[in-house]
Amino acid sequence: MVSFTHDGEGTPEAHWRLWEQERRPGDDLQVESLFDGRLPTRFLLLAAHPDDETLGAGALLARLTRDGVRCDVVVLTDGEASHPSSPTHSPGRLAELRRREVADAVQLLAPAARLSFEGLPDGRLRPEDVAAVLLRELGDGDDTLTLVAAPWRRDGHADHDAVGRAAADVCGGRDIALLEYPIWLWHWGTAEDQAADLDALSLHRLAAEDQERKAAALATHVSQTVPLSDAAGDEVLLAPAVLEHFSRNFESFFVTAGSSTFERLHRDTADPWEVAERFYEQRKRALTLAVLPRRRFRRTLEVGCSVGALTRELAAVSDSLLALDTSETAVRRTNEALITNPAATARLATVPRDWPHEDGPFDLVVLSETGYFLSSDQLDDVVRRITGSLDEDGVLLLCHWRHPIEGWELDGDAVHDRVRRTSGLVTLALHTEEDFLLEVLVPAPAASVARREGLL
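Fair warning: this is a prediction, and the values are worked out from it, not measured in the lab.

*Asks:* For the pairing of strand E1 (residues 42-47), give the residues involved together with the corresponding values.
*Replies:* Most of E1 sits out of view: six of its six residues are buried. Burial along E1 is two-sided: Arg 42, Leu 44 and Leu 46 facing one way and Phe 43, Leu 45 and Ala 47 facing the other are all buried. Direction of pairing for E1 relative to strand E2 (residues 70-77): parallel, over a ladder of six bridges. The partner of Leu 46 across the bridge, within E2, is Val 74. Bridging between E1 and strand E4 (residues 146-151) involves four bridges; their strand directions are parallel. What sits directly across from Phe 43, in E4, is Leu 147.

Here it is as structure tokens:
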């Protein structure tokens, strides 16, 4: 059990600056990566006390509300026990003051956010009471695109720990993505003693305007950042050395991801897109194989394999094949489809993060019905990784549905346009229908099949 006092000598921010500089790269949080390239539709931020919301996740709240995400801030206690020995402020007066302060802070951070107060007892939060509040807030709707943030369950403050445990239980039971933000860890912890925990921490880098909003919001919590009076018992709660931990250009979260959209799809339905039975899908696969500019490929990479219908046919024209998917169920079904081909396998991966550099180079990369499930930035990153993994005579095959893709940033035409503009590759073959685009891109100069075979 962590034991500390808010006014005790804590870990200086210089210690944490050195820790941040020495962190290995690639640990930054991209919220979109938790939702298959999309932003959540709802962000539910739990605060044990007024000011937790600003200290732990104020900049993230500002960013998400600016991006149009529905944001709800739930303050569980009024923080009336912050100065138990105050000779000037009763618990009732403190509660009223702190409610006004958090209302002002949220107005600065996220003017469109809904703010609610639960009035639970400060210093005596129980996980079961917090869980009841969270379940009520979540309701019975679809949680797929919901993101919850709460204090870290091991932050060392009894109320923070209770909220974190309750959030972890509820979100785990409902398969909801959860961010836990530490606050007092920075005061009592060190990089050496908490190394195991810190390895699991993700940093959310802040835009300058969000960092400024956070600083302005924190200044509204006057009862915590300035002494209530000169009298004993009215001392400052958040001393300058503590506040320095929250002037960083990042916020920190322990991330528990929910199942991806595609894992839910494949878990609930054996063949979500009916690729095995639909003539449309059968014909499209036949056209995909027919448009390939060579009879056979040495090493093939398929990004997004679903249940493995196309994977199995690509494996038949490949000496070796690696298929990737973000759904564990899809990977299992694809490996079942490939069981008779020992040179072909499927692997759980989320691109661009888990790009298989060590398995390349590839002379065929297939991005079929996958590009629009990435954000623009993610697609650009994937394209950079593809071009960096292609042989000098490599082939990139794209195939995408042309009708609207509800809930995603890109559609099929936009994917192809973006890949053409960013890849440096040129189009060798293009098949266009009302329903889908099928395109082969290669390094310049593009040589047709007839030219490669000496017919021209």
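Picking up after the structure, the text goes on.
*Asks:* A description of the sheet that holds strand E3 (residues 114-120) should follow, citing residues and the corresponding values.
*Replies:* Sheet architecture is open: seven strands sit in the order E3-E2-E1-E4-E5-E7-E6, paired in mixed fashion. Both edges of this open sheet fall to E3 and strand E6 (201-205), since each of them pairs with a single strand only. Taking the axes of each pair of neighbouring strands and ignoring which way they run, one obtains an average angle of 25° across the sheet. As judged from the five bridges shared by E4 and strand E5 (residues 177-181), these two strands associate in the parallel manner. Counterpart to Val 148 in the pairing with E5 is Leu 178. On the sheet, helix H1 (residues 13-22) packs against E6 and strand E7 (250-256) and is oriented at approximately 95° with respect to E6.

*Asks:* Explain the packing of helix H4 (residues 127-138) against helix H5 (residues 158-174) to me, and be specific about the residues and the numbers.
*Replies:* Running from N to C, H4 and H5 cross one another at 45°; their axes reach a closest spacing of 8 Å. Regarding the angle of H4 to H5, the classification is oblique. Once H4 is placed against H5, the crossing between them reads as right-handed. Between H4 and H5, the residues in contact are Pro 127, Val 130, Ala 131, Leu 134, Leu 135 and Leu 138 and Ala 162, Val 163, Arg 165, Ala 166, Ala 167, Val 170, Cys 171 and Arg 174, respectively. Of the residues belonging to the contact of H4 with H5, the class tally is 12 nonpolar, no polar and two charged.

*Asks:* So what's going on with the environment of Leu 147? Which residues, and what values?
*Replies:* The residue Leu 147 is located in strand E4 in this model. By relative accessible area, Leu 147 is classed as buried at 0%. In sequence terms Leu 147 and Thr 432 are 285 residues apart; their C-alpha atoms lie 38 Å from each other. Ignoring sequence-local partners within four residues, the contact set of Leu 147 consists of Val 31, Leu 34, Phe 35, Pro 40, Arg 42, Phe 43, Leu 44, Leu 64, Ala 177 and Leu 179.

*Asks:* Could you give an account of unusual backbone geometry, with specific residues and numbers?
*Replies:* Most peptide bonds adopt trans geometry, and most residues besides glycine take a negative phi value. Omega for the bond connecting Val 351 with Pro 352 falls within 30 degrees of zero, at 10°, which places this linkage in the cis form. Inspection of the secondary structure assignment puts Pro 352 in the loop between strand E10 (344-348) and strand E11 (362-368). Note that the residue after Gly 360, namely Pro 361, is joined by a cis bond; omega there is 0°. Even without glycine at this site, Asp 175 takes up a positive phi of about 60°. Looking at Asp 175, the relative accessible area reads 19%, which means it is buried.

Rules of the game
Residues numbered from 1 in each chain as written. Predicted model: local features only at pLDDT ≥ 70, side-chain atom pairs only at ≥ 80, totals over all residues. Heavy atoms only, no water. Buried < 20%, exposed > 50% of the residue type's maximum accessible area, 1.4 Å probe, protein only. Helix = DSSP H or I, 4+ residues; strand = E, 2+ residues; numbered from the N terminus. Pairing = 2+ DSSP bridges. Axes fitted to C-alpha atoms, helices over the stretch in contact; angles between N-to-C directions. Contact = heavy atoms within 4.5 Å. Parallel < 35°, antiparallel > 145°, perpendicular 65-115°, else oblique. Left-handed = near helix turned anticlockwise from the far one by under 90°. Nonpolar A, V, L, I, M, F, W, Y, C, P; charged D, E, K, R; others polar.

That's the geometry; what it means functionally is another story.
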